Amino acid sequence: MPTCLITGVTGQDGAYLSHFLLEKGYRVVGMMRRSASSDLVGERLRWLGILQEVELVNGNLIDLSSLIRLLQTYQPDEVYNLGAQSFVAASWDQPLLTGQVTGIGAGNMLEAIRIARPQARFYQASSSEMFGRIQQPRQTEQTPFYPRSPYAVAKLYAHWMTVNHRESFGMHASSGILFNHESPLRGIEFVTRKITDGVARIKLGLTRELPLGNLEAMRDWGHARDYVRAMWLMLQQETPDDYVVATGRSTSIREFCRLAFSHVGLNFEDHVVSHLDLIRPAEVDVLLGDATKAGRKLGWRPTVTLEDMVAEMVEADLARHRARLKL
Ligand code: GDP
C-alpha cells in the first residue's frame, strides 16, 4: 500500500485529494497545524465521509524539524504540498506570513525531502495567480510570470524552488500550475463560494444583499474534484515536470453571479451591491489557461462544466442553510 503525505489536508483540495487517494488504496497521512479549535478543522473531510480514514498528524510548514520527523516516521512515497496561506486578498494584510508559509514553507518541505526522504515524489500546488498581469492571452507552461499580490510572489518562489530542486538534485518534483478550482468545499471567502452561499441565504430569506468587489474580473474556473486527479497523474509520470491545469474557458464574476442567482430563479442585479473596500490594491483582470500539455502527456481533461458546478455549489449551500435552520 503506497503512503502519501498531504499538507493542507483540511482545505478544499486536501479533502478531495484524500478521497481520491483513499479510493486508490493509499494510506493517507494528512498534516495539519495544531490549533485550539481543531474540532472544526476536519469539517471538509467529514463532509466527504473520510474523516476517520485520514491519519491526521501535527506539523507545520514553517517548522523544518517537524517536516523531517514526519517524513522519517511515515516514509511517504508521495508528498503533496497543498498547505498555504491561500487567500489572495489576505496576503496584502499579512505579506510576510504569506511568504513564510506559502513560499518558504514549500522550500522547507523540499529541503526536508532532500534530507530525510529523497526518493519521495513531490507535488507543489502552484497557481495561475503567478501569471498575474498576463503576458499572453492564453497562459501555458511557457508564459512568463508577472505576480500581482504577495500571495503570487510567494507561490512563484515555491514554484521555482520546485524546479530548482528537480534540476539540481534530480528530485521527482513537479509543479501543477492550477487555475482557479471550486466546489461546495471552497472556502467561504473566495468569490464563487461567497456568491453561492449568498444566493442560498437570499433565497431562504436570511438576507437581501450580497456585497462584492470587482465584477469584471475573469477567471478560468474548474472543479476541484477534476483538478486533484491531475495532481496524482503528475506524480505517476516517469519524469517530473510542470503542467498547466485549466478548462480553457474564462468567465466574469458578473456572469458567475448571473448563473448562480438564476439557478434559484433570482436576478442578481436585484441583490449584488458593490463595496469599494472589496476592491484589491492590484487586480488580476483575466486568467485563461491552456492545458494542452496536461491533455497530451497526462491524458487529463476536465469533466465538470461551469454550469453544473454552479448548480452543485448552490444546491449544497441551500442544503447547509436548510439543515442549520431546522436546528
Ligand atoms: P483568486 O483568483 O485566487 O484571487 O480567487 P478569489 O475567488 O478570491 O477572487 C477571484 C476574483 O473575484 C478576483 O478578481 C476578485 O477581485 C474578485 N472579487 C470580486 N468581489 C469579490 C469578493 O467579494 N470576494 C472575493 N474573494 N473576490 C472578489
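The written sequence of each chain sets the order in which its residues are numbered from 1. Whole-chain, interface and lining totals are the exception, using all residues; otherwise, since this is a predicted model, local features are given only for residues with pLDDT of at least 70 and side-chain atom pairs are given and counted only at 80 or more. For the side-chain quantities, the full set of heavy atoms in the structure was used; hydrogens and water were omitted.

### Regarding the pairing of strand β11 (residues 242-245)
- Any residue under 20% of the maximum accessible area for its type is buried, any over 50% is exposed, and the rest in between are partly exposed; the area is computed with a 1.4 Å probe on protein chains only. Helix and strand assignments come from DSSP, with helices taken as H or I runs of at least 4 residues and strands as E runs of at least 2, each series counted from the N terminus. Along β11, one buried face is formed by Asp-242 and Val-244 and the opposite face, lined by Tyr-243 and Val-245, is buried too.
- Should DSSP find at least two bridges between two strands, the strands are taken to pair. Pairing geometry for strand β6 (residues 173-178) and β11, over 4 bridges, is parallel. By the bridge assignment for β11, Gly-176 is matched with Tyr-243.

### Description of the domain arrangement of the chain
- Taken domain by domain, the chain holds domain 1 (3-181 + 221-245) and domain 2 (187-219 + 249-286 + 304-325).
- In this entry, domain limits derive from an automatic or database-based domain assignment. For domain 1 versus domain 2, the distance between C-alpha centres works out to 27 Å.
- In this assembly, 17 residues from domain 1 lie in contact with 23 residues from domain 2.
- Note on definitions: buried area is the accessible-area loss of two parts on being combined, 1.4 Å probe, summed for both. Both faces combined, the contact of domain 1 with domain 2 buries some 1800 Å², and carbon together with sulfur accounts for 61% of it.
- By salt bridge we mean one thing: a side-chain nitrogen of Lys or Arg within 4 Å of a carboxyl oxygen of Asp or Glu. Summed over the shared surface of domain 1 and domain 2, the number is 2 salt bridges.
- Distance and chemistry together define a polar contact, namely a pair of N or O atoms within 3.5 Å, with one atom able to donate a hydrogen and the other to accept it when in protein, and with adjacent residues in sequence counting only for side-chain atoms on both sides. Viewed at the interface, domain 2 and domain 1 are joined by 5 residue pairs in polar contact (both at pLDDT 80 or more).
- Looking at the side of domain 1 that touches domain 2, the elements that each hand over two or more residues are α2 (43-47), β10 (222-223) and α7 (224-236).
- Side-chain classes follow a simple rule in which Ala, Val, Leu, Ile, Met, Phe, Trp, Tyr, Cys and Pro form the nonpolar group, Asp, Glu, Lys and Arg form the charged group, and the remainder, Gly included, forms the polar group. Of the residues contributing to the side of domain 1 that touches domain 2, the split by class is 7 nonpolar, 5 polar and 5 charged. Here, two residues are considered to be in contact whenever any of their heavy atoms come within 4.5 Å of each other.

### Some details on the side chain of Asp-226
- With respect to the secondary-structure elements, Asp-226 resides in helix α7.
- In this structure, Asp-226 is in contact with Trp-300, Pro-302, Thr-303 and Val-304, ignoring residues within four places of it in sequence.

### Quick word on the site of the ligand
- Taken together, 17 residues sit near the ligand, with Glu-129, Lys-194, Gly-213, Arg-280 and Glu-283 positioned nearest.
- Taken together, the residues of the shell around the ligand break down into 8 nonpolar, 3 polar and 6 charged.
- Taken domain by domain, the makeup of the shell around the ligand includes at least three residues from each of domain 1 (3-181 + 221-245) and domain 2 (187-219 + 249-286 + 304-325). We call a residue near a given molecule or strand whenever any one of its heavy atoms falls within 4 Å of it.

### Looking at α7
- One fewer than the residue count of a helix, multiplied by 1.5 Å, yields its expected span. Taking 1.5 Å per residue, 13 residues should reach 18 Å; α7 reaches 19 Å between its end C-alpha atoms and fits that length.
- Counting buried positions over the 13 residues of α7 gives 10, a clear majority of the element.
- Inspection of α7 places Ala-224, Asp-226, Tyr-227, Val-228, Ala-230, Met-231, Trp-232, Leu-233, Met-234 and Leu-235 among the buried residues, and these make up the whole buried set.

### Some thoughts on the sheet that holds strand β1 (residues 3-7)
- One open sheet accounts for 7 strands, arranged β3-β2-β1-β4-β5-β6-β11; its pairing is parallel. Of all the strands in the sheet, just β3 (55-58) and β11 have a single pairing partner and so form its edges. In this sheet, adjacent strand axes meet at a mean angle of 20 degrees when their direction is disregarded.
- The strands touched by helix α1 (residues 12-23) are β1, β2 (27-32) and β4 (78-81); relative to β1, the strand with the most contacts, the crossing angle is about 175 degrees.
- Along the sheet face, α7 touches β4, β5 (121-127), β6 and β11 and points at about 140 degrees away from the line of β4. Working convention: axes come from line fits to C-alpha atoms, limited for helices to the stretch in contact. Angles between N-to-C directions cover 0 to 180 degrees.

### Overview of the pattern of salt bridges
- Summed over all chains, the structure comprises 17 salt bridges.
- Residue Glu-312 is joined to Arg-225 by a salt bridge in which the shortest nitrogen-to-oxygen separation is 3.1 Å. Within this pair, whereas Glu-312 is found in helix α10 (residues 306-326), its partner Arg-225 is found in helix α7, the two being separated by 87 residues in sequence.
- The residue Arg-320 makes a salt bridge to Asp-317 at a minimum N-O spacing of 2.8 Å. On the criterion of helical spacing, the pair formed by Arg-320 and Asp-317 is a turn pair, its members being 3 residues apart in helix α10.
- Arg-320 gets classed as partly exposed once you look at its relative accessible area, which sits at 27%.
- Connected through salt bridges with shared partners, the residues Glu-129, Arg-219 and Glu-283 form a single ionic network.

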